[in-house]
Amino acid sequence: MLTVGWQRTVADQLATALNDDVWRSAPRWRVGRVDCSALADLANEVDEAKKAVHDAVGTVAARAATRLGRGSLEQQILASFARRIPLPGDEQADAVVHGLRVTGVFVCLVGNGDALSCPCFRGLAKDRTKEELTELLERRLDEIVAECRTRWQQP
């Protein structure tokens, strides 16, 4: 559920996520100066790098099957399974991609108020139903609101 003042809440979450060194190194930073397209490109590059690593694992597995004298179908099956193996860093890469895209949506909403033309929103929305996307955004914004309330209530 979106609450009154959600923009400030999201901004506070971003301020927390981006460490103090970032803020000190760019004291004149403003949301309007951040390019959502650049954030979307970075998110896509991280996502593509993760996929490339998984493809490499699949290729290595297929080569191993070849050396063991296995046929083409067996190589393809092994490569397909190997590509799906969770690798160290997958969750972190996914979190970075998600964080970049959520930041980009915030930038677009604050900048021009148009989420539908936002490349980061499209990245979040791909392969999701409307209900899944709504639930994801509502849950995340509720988490941000709850976290900020906790911080505001501390002396």
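First, a word on scope: everything that follows refers to the structure included in this document. As a convention, each chain's residues are numbered from 1 in the sequence order in which they are written. Since the coordinates come from a predicted model, pLDDT governs what is reported: local features require at least 70, and pairs of side-chain atoms require 80 or more to be given and counted, while whole-chain, interface and lining totals use all residues. Calculated side-chain values reflect all of the structure's heavy atoms, with hydrogen atoms and water omitted.

## Brief notes about a nonpolar patch on the surface
And then number 1: Patch membership requires over 30% relative accessible area and the absence of a salt bridge. Like charges are linked within 9 Å, and nonpolar side chains (Val, Leu, Ile, Met, Phe, Trp, Tyr) within 5 Å. Every accessible area reported is derived by Shrake-Rupley at a probe size of 1.4 Å, with residue values counting cover from the shown protein chains alone. A pair is scored as a salt bridge if a Lys or Arg side-chain nitrogen falls within 4 Å of a carboxyl oxygen belonging to Asp or Glu. Where nonpolar side chains cluster on the molecular surface, the patch consists of Leu73, Ile77 and Phe81 and spans about 330 Å² of accessible area.
And then number 2: Only runs of H or I of at least four residues qualify as helices and only runs of E of at least two qualify as strands under DSSP, and these elements are numbered from the N terminus. Relative to the helices and strands, Phe81 is located in helix H4 (residues 72-83).
And then number 3: The class of Phe81 is exposed, set by a relative accessible area of 56%. Only protein chains enter the accessibility calculation, which uses a 1.4 Å probe; a residue is then buried when its area is under 20% of its type maximum, exposed when over 50%, and partly exposed in between.

## Thoughts on H4
And then number 1: In a regular helix each residue adds 1.5 Å, so 12 residues correspond to 16 Å; H4 covers 16 Å between its end C-alpha atoms and thus fits that length.
And then number 2: Where H4 is concerned, the buried positions are Gln75, Ala79 and Ala82. Buried residues of H4 fall within an arc of 65° about the axis and therefore sit on the same side. Seen from the buried face of H4, the exposed residues on the opposite side, beyond 90 degrees, are Leu73, Gln76 and Phe81.
And then number 3: We call two residues in contact whenever any of their non-hydrogen atoms come within 4.5 Å of each other. Where H4 is buried, its residues contact helix H3 (36-67). Here the expected span of a helix is defined as 1.5 Å times the quantity of residues minus one. Relevant arc is that of directions from the helix axis to the C-beta atoms, nothing else.

## Considerations on the nonpolar core
And then number 1: Formed by 19 residues in total, the largest nonpolar core has its most connected members in Cys36, Leu39, Val105, Cys118, Cys120, Phe121 and Leu133.
And then number 2: Elements that contribute at least two residues to this core include exactly H3, helix H5 (90-111), helix H6 (119-125) and helix H7 (130-153).
And then number 3: Per element, the largest residue contribution to this core is 6 residues, and it comes from H5.
And then number 4: The residues touching Val105, leaving out its near neighbours within four places in the chain, are Cys118, Cys120, Phe121 and Leu124. Residue types Ala, Val, Leu, Ile, Met, Phe, Trp, Tyr and Cys, when buried and joined through side-chain atoms within 4.5 Å, form a set referred to as a nonpolar core.

## A few points about the packing of H3 against H4
And then number 1: Between H3 and H4, the shortest axis-to-axis distance is 7 Å and the interhelical angle comes to 150°. Relative to H4, the element H3 lies roughly antiparallel. Between H3 and H4 lies a crossing whose hand is right-handed. Contacts between H3 and H4 pair His54, Asp55, Val57, Gly58, Ala61, Ala62, Ala65 and Thr66 from the former with Gln75, Leu78, Ala79, Ala82 and Arg83 from the latter.
And then number 2: Charged residues are taken to be Asp, Glu, Lys and Arg, nonpolar residues to be Ala, Val, Leu, Ile, Met, Phe, Trp, Tyr, Cys and Pro, and polar residues to be all remaining types, Gly included. Of the residues belonging to the contact of H3 with H4, the class tally is 7 nonpolar, 4 polar and 2 charged. A fitted line through C-alpha atoms represents every axis, and for helices the fit uses only the stretch in contact; the resulting angles, taken between N-to-C directions, go from 0 to 180 degrees. Each angle receives one of four descriptions, namely roughly parallel if under 35 degrees, roughly antiparallel if over 145, roughly perpendicular if within 65 to 115, and oblique otherwise. Helix crossings get a hand from a simple test, with the near helix turned counterclockwise from the far one by less than a right angle marking a left-handed crossing and a clockwise turn marking a right-handed one.

None of this, on its own, says anything about what the molecule does.
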